[in-house]
Structure formats: C-alpha cells, structure tokens
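Each chain is listed here by its residues.
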Amino acid sequence: MTAQTAASDELLIQQFRDGNSNAFNELYQRHLSSVYRRVRFVIPEADVEDVTQEVFLAALKSLGSFRGEAQFGTWLRTLTNHKVAEYYRKRNRKGEAPQVPLFDAVARTEGNPSKIMEERIALRKALSQISDQYREVILLRFAEGLQFNEIAELTGQNLEAVKSLFRRAISALRNHLDK
Amino acid sequence: MKMTEPKQPTKNPDDLLADFTDRVLDGKTAVLASSADDELRGLEETIMRLNQVLPHKAPDEATLKRLQADFTSRARSAGRSSRPVWQSRQSRQRLILAFTAIVILVAIFIGIPFLLSGSGNIQATAGLQPQSILALVAIGGTVVLLIWLGHRK
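Quick caveat: nothing in here was measured; it's all calculated off a predicted structure.

## Some remarks on the pattern of salt bridges
Reasoning step 1: Scanning the entire structure with this criterion turns up 17 salt bridges over all chains.
Reasoning step 2: Among the salt bridges present, the one from Arg30(A) reaches Glu26(A), with a minimum N-O distance of 3.8 Å. Here Arg30(A) pairs with Glu26(A), and both are found in helix α2 (residues 22–42), just 4 residues apart, close to one helical turn.
Reasoning step 3: Owing to a relative accessible area of 31%, Arg30(A) belongs among the partly exposed residues under this scheme.
Reasoning step 4: Residues Asp22(B) and Arg141(A) are paired through a salt bridge, measuring 2.7 Å at the closest nitrogen-oxygen approach.

## Quick notes on the confidence of the model for chain A
Reasoning step 1: In the predicted model, chain A carries a mean pLDDT of 86, and the fraction of residues at 70 or more is 86%.
Reasoning step 2: Counted against residues more than four places away or in other chains, residues 99–110 of chain A, with its pLDDT under 50, gives 28 contacts.

## What to know about helix α1 (residues 13–25) of chain B
Reasoning step 1: Over its 13 residues, α1(B) extends 18 Å from the first C-alpha to the last, a length consistent with the 18 Å expected when each residue adds 1.5 Å.
Reasoning step 2: For α1(B), the buried fraction is high: 11 of the 13 residues fall into the buried class.
Reasoning step 3: All of the buried residues in α1(B) are Asp14(B), Asp15(B), Leu17(B), Ala18(B), Asp19(B), Phe20(B), Thr21(B), Asp22(B), Arg23(B), Val24(B) and Leu25(B).
Reasoning step 4: Close packing links the buried residues of α1(B) with α7 (132–143), α8 (148–155) and α9 (159–178) of chain A together with α2 (38–53) of chain B.
Reasoning step 5: One side-chain oxygen at the N-terminal end of α1(B) lies 2.8 Å from the backbone nitrogen of Asp14(B); it belongs to Asn12(B).
Reasoning step 6: In the stretch just after α1(B), Gly27(B) is the one whose phi turns positive, near 75 degrees.

## Topic: the environment of Val39(A)
Reasoning step 1: Looking at the element boundaries, Val39(A) is found in helix α2.
Reasoning step 2: Taking C-alpha positions, Val39(A) is 8.3 Å from Ala143(A), a pair spaced 104 residues apart along the chain.

## Some details on helix α3 (residues 45–62) of chain A
Reasoning step 1: Look at α3(A): 26 Å from first C-alpha to last across 18 residues, which is about the 26 Å you get at 1.5 Å a residue.
Reasoning step 2: Buried within α3(A) we find Glu45(A), Val48(A), Val51(A), Thr52(A), Gln53(A), Val55(A), Phe56(A), Leu57(A), Ala58(A), Ala59(A) and Leu60(A).

## Topic: the packing of α3(A) against helix α3 (residues 61–77) of chain B
Reasoning step 1: Viewed as axis vectors pointing N to C, α3(A) and α3(B) meet at an angle of 50 degrees, and their least axial separation amounts to 10 Å. Comparing their axes, α3(B) and α3(A) come out oblique. For the pair α3(A) and α3(B), the sense of crossing is right-handed. Taking contact as the criterion, the partners of Glu49(A), Asp50(A), Gln53(A), Phe56(A), Leu57(A) and Leu60(A) in α3(A) are, on α3(B), Thr63(B), Arg66(B), Leu67(B), Asp70(B), Phe71(B), Arg74(B) and Ala75(B).

## Observations regarding the packing of α2(A) against helix α4 (residues 72–94) of chain A
Residues and elements named next belong to chain A.
Reasoning step 1: One way to put it is that α2 packs onto α4 with a least axis distance of 10 Å and a crossing angle of 40 degrees. The orientation of α2 with respect to α4, classified from their angle, is oblique. The chirality of how α2 crosses α4 is right-handed. From α2, Leu-27, His-31, Val-35, Arg-38, Val-39 and Val-42 reach across to α4, where they touch Phe-72, Gly-73, Leu-76, Arg-77, Thr-80, Asn-81, Val-84 and Tyr-88.
Reasoning step 2: Along the lines of polarity and charge, the residues of the contact of α2 with α4 split into 8 nonpolar, 4 polar and 2 charged.

## Here's the deal with the packing of aromatic side chains
Reasoning step 1: In total, this model carries 12 aromatic pairs over all chains according to the counting rule given.
Reasoning step 2: Ring centres 5.1 Å apart and planes at 85 degrees place the aromatic pair Tyr87(A) and Tyr88(A) in the edge-to-face group.
Reasoning step 3: Classification of Tyr88(A) as partly exposed rests on a relative accessible area of 27%.
Reasoning step 4: Ring pairing ties together the aromatic residues Phe16(A), Phe24(A), Tyr28(A), Phe56(A) and Phe71(B), which thus form one cluster.

## Considering the confidence of the model for chain B
Low pLDDT means the predicted coordinates in that region are not meant to be read closely.
Reasoning step 1: The share of residues in chain B with pLDDT of 70 or more is 63%, and the mean pLDDT across the chain is 74.
Reasoning step 2: Looking over chain B, one finds the lowest element-wise mean pLDDT in helix α4 (residues 85–117) of chain B, namely 66, and the highest in α1(B), namely 93.

## A short note on the interface of chain A and chain B
When the parts of a complex come together, some accessible area is lost, and that lost area is often taken as the interface size.
Reasoning step 1: Facing 48 residues of chain A, the contacting portion of chain B comprises 43 residues.
Reasoning step 2: Both sides together, the interface formed by chain A and chain B hides about 4,600 Å², and carbon and sulfur atoms give 62% of it.
Reasoning step 3: Counting every contact that joins chain A to chain B gives 7 salt bridges.
Reasoning step 4: On the surface where chain A and chain B come into contact, there are 14 residue pairs in polar contact (both at pLDDT 80 or more).
Reasoning step 5: Residue assignment for the side of chain A that touches chain B shows that the elements contributing at least two residues are α1 (3–17), α2, α3, α6 (113–129), α7, α8 and α9 of chain A.

Cut-offs and rules
Residues numbered from 1 in each chain as written. Chains lettered and ligands numbered in written order. Predicted model: local features only at pLDDT ≥ 70, side-chain atom pairs only at ≥ 80, totals over all residues. Heavy atoms only, no water. Salt bridge = Lys/Arg side-chain N within 4 Å of Asp/Glu carboxyl O. Helix = DSSP H or I, 4+ residues; strand = E, 2+ residues; numbered from the N terminus. Buried < 20%, exposed > 50% of the residue type's maximum accessible area, 1.4 Å probe, protein only. pLDDT = per-residue confidence, 0-100. Contact = heavy atoms within 4.5 Å. Expected span 1.5 Å × (residues − 1). Polar contact = N/O pair within 3.5 Å; in protein donor to acceptor, adjacent residues only side chain to side chain. Axes fitted to C-alpha atoms, helices over the stretch in contact; angles between N-to-C directions. Parallel < 35°, antiparallel > 145°, perpendicular 65-115°, else oblique. Left-handed = near helix turned anticlockwise from the far one by under 90°. Nonpolar A, V, L, I, M, F, W, Y, C, P; charged D, E, K, R; others polar. Phe/Tyr/Trp six-rings, centres within 6.5 Å; stacked < 30°, edge-to-face > 60°. Buried area = accessible area lost by both parts, 1.4 Å probe.

Written as structure tokens, this is what we have:
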C-alpha cells in the first residue's frame with residue numbers, strides 16, 4: 001500500500017465522517033480483495049464471504065473510533081485477524097469438528113480431494129499455532145500477495161529482516177506440521 | 001519490485017528461500033530447487049504445500065460484485081449504511097450543545113434588564129455600568145465555553 005493510497009483512504013474516511021456514505025463504498029471496493037484473500041487463506045470456503053462481510057460491517061460501525069494512528073489498511077488487517085479469531089472461538093465453543101466442505105477441497109482439481117482437505121486442515125491448524133508475527137508475514141506474502149519489499153515498507157523493517165523473519169516463520173510452520 | 005533470478009547465486013538461506021517463494025508464487029517453478037541443504041529443501045517443501053493447498057488467488061469480478069451487492073444489503077438491514085452509530089452519537093452531542101447554548105443565552109438576556117434595573121438610580125454617566133460588564137463577560141465566557149466544548153472529541 002503506497003503513501004498516496006493511505007492519504008486517499010484518510011480523505012475517504014473524512015468524507016464518510018462528513019456524511020458521505022459513498023466514501024465507505026469506495027473504501028470497501030479498494031480493500032475487499034485483500035480482506036477476502038486473507039480470510040480465504042485461513043477459513044473454510046463456506047464461511048469466507050460471511051466473515052469478510054462481518055469485517056467490513058465492523059469497520060463501518062467503528063470507523064468513527066479510527067484515529068488514523070496506523071494506516072487504514074493496517075487497521076483493517078487487525079480487524080480481520082480479530083474476526084478470524086472470533087470465528088474459530090465460536091466454532092470451538094459449538095464443538096464443531098474442523099471440517100472443510102467437500103466443494104472447498106474439490107475446488108482444487110489436482111490430486112485427491114480428501115487428501116487436499118486433510119492437508120488444508122493441517123496447514124491451517126499449524127498456522128494458528130505459530131506466533132502472530134510469523135503468521136502475519138506468511139499471510140502478507142501468500143494471502144495478500146505482497147512482495148517482500150512491500151512487506152518491509154509496510155512493517156517498517158529492512159528487506160533482510162523481513163526475509164529472515166519469513167524463513168523463521170516457514171521453519172516454525174514446518175515444525176508444527178511435523179508434530 | 002519483482003524479485004528476479006539473481007545473476008550470481010546467493011549463499012544466504014533467507015534470500016534463497018525468498019527467491020524460491022517468489023518463483024513459486026509467480027508460477028515459474030513447480031519443483032524444489034536443487035539445494036544440497038536439507039533444511040532449506042524442507043522449507044521449500046512447506047512453501048510448495050502452502051501454494052498448492054491453501055487458496056490465495058484474488059477473487060474474480062463476479063464474486064467482487066456479488067459481495068458488494070450483498071454488503072450494501074447487509075449494511076442497510078443493519079441500519080448502518082445511512083447513519084452509523086458514532087454519527088448519531090455525534091448528532092446527539094451537537095443537539096445537547098445547541099440546546100445548552102440557547103438556554104444559557106436566554107437566561108442571560110432575561111437576566112440583563114433585572115441586573116440593570118436593580119442597579120440603582122444614580123450611576124456614572126460615561127462608560128458601561130458594572131452590571132453590563134458582568135453580562136458581557138458572562139456572554140463572552142459562555143461563547144468561549146461552547147467553542148471549547150464543540151472542539152472536544
């Protein structure tokens with residue numbers, strides 16, 4: 001996300017606060033794809049759209065309390081992470097088995113669907129077990145498709161530090177997969 | 001900046017894994033890099049698994065449009081699209097502020113004649129009387145107070 005986009009986001013937020021509800025639609029369109037991809041990476045396909053919409057409804061509701069201390073995109077990522085955590089908390093409370101609907105697995109045509117389903121569950125479980133910092137760098141690179149230099153810019157770290165963090169994150173993920 | 005194949009091979013495992021990830025995500029490779037380092041090969045395997053198993057492609061146009069329409073309807077039914085909660089709270093605060101200002105001003109204007117008439121009979125001929133000054137100070141103070149309240153978040 002560039003500084004220019006951040007400035008435009010701020011402008012849209014101000015317009016929304018001034019009563020222009022179309023400004024939020026613009027924010028929605030601008031950030032929908034990245035929120036959707038982030039959610040889809042960690043949540044079963046059947047619930048992706050619901051959770052994505054919940055993120056934006058929560059954003060709409062609490063945009064008044066957004067102080068602009070971080071970029072809007074960063075704030076939205078935090079909100080998305082909270083909604084994902086809430087989703088899994090609710091599932092655990094209901095005692096639902098960590099199932100992935102069959103069509104979710106079949107969507108990927110290669111290989112054995114049930115094997116892919118198992119793999120998907122295992123990877124998501126491992127992702128949920130690594131530290132927030134590790135999970136975040138994996139999500140930024142894989143789910144949101146940011147390049148390493150973009151991640152460095154976003155997080156205020158240098159490129160080497162981001163690559164090192166990424167390698168350690170993958171290593172931690174692998175350790176959890178092996179358990 | 002797109003990560004491309006380095007001209008000279010790098011020794012740093014961080015760079016090697018990052019380059020491998022870039023190639024995998026760009027669809028330029030579907031096989032493990034021929035690394036002699038077992039640990040690095042293991043990490044590359046994990047990268048391949050992440051790429052193959054978890055969905056990470058951008059949604060298509062039709063999905064985006066459907067989501068947009070659905071969101072508009074959800075926001076409307078939640079009664080938030082036209083007037084968010086924080087906005088109505090702000091409107092209420094403004095109303096209370098305006099009402100307070102009116103009450104104070106009315107009280108001051110009603111009070112001025114009483115203050116002036118009660119001031120006695122023989123007063124100085126030039127300048128403002130003390131009561132008038134008091135009233136002006138009260139008005140000024142009220143205005144300053146209201147401005148301050150209005151700017152408070």
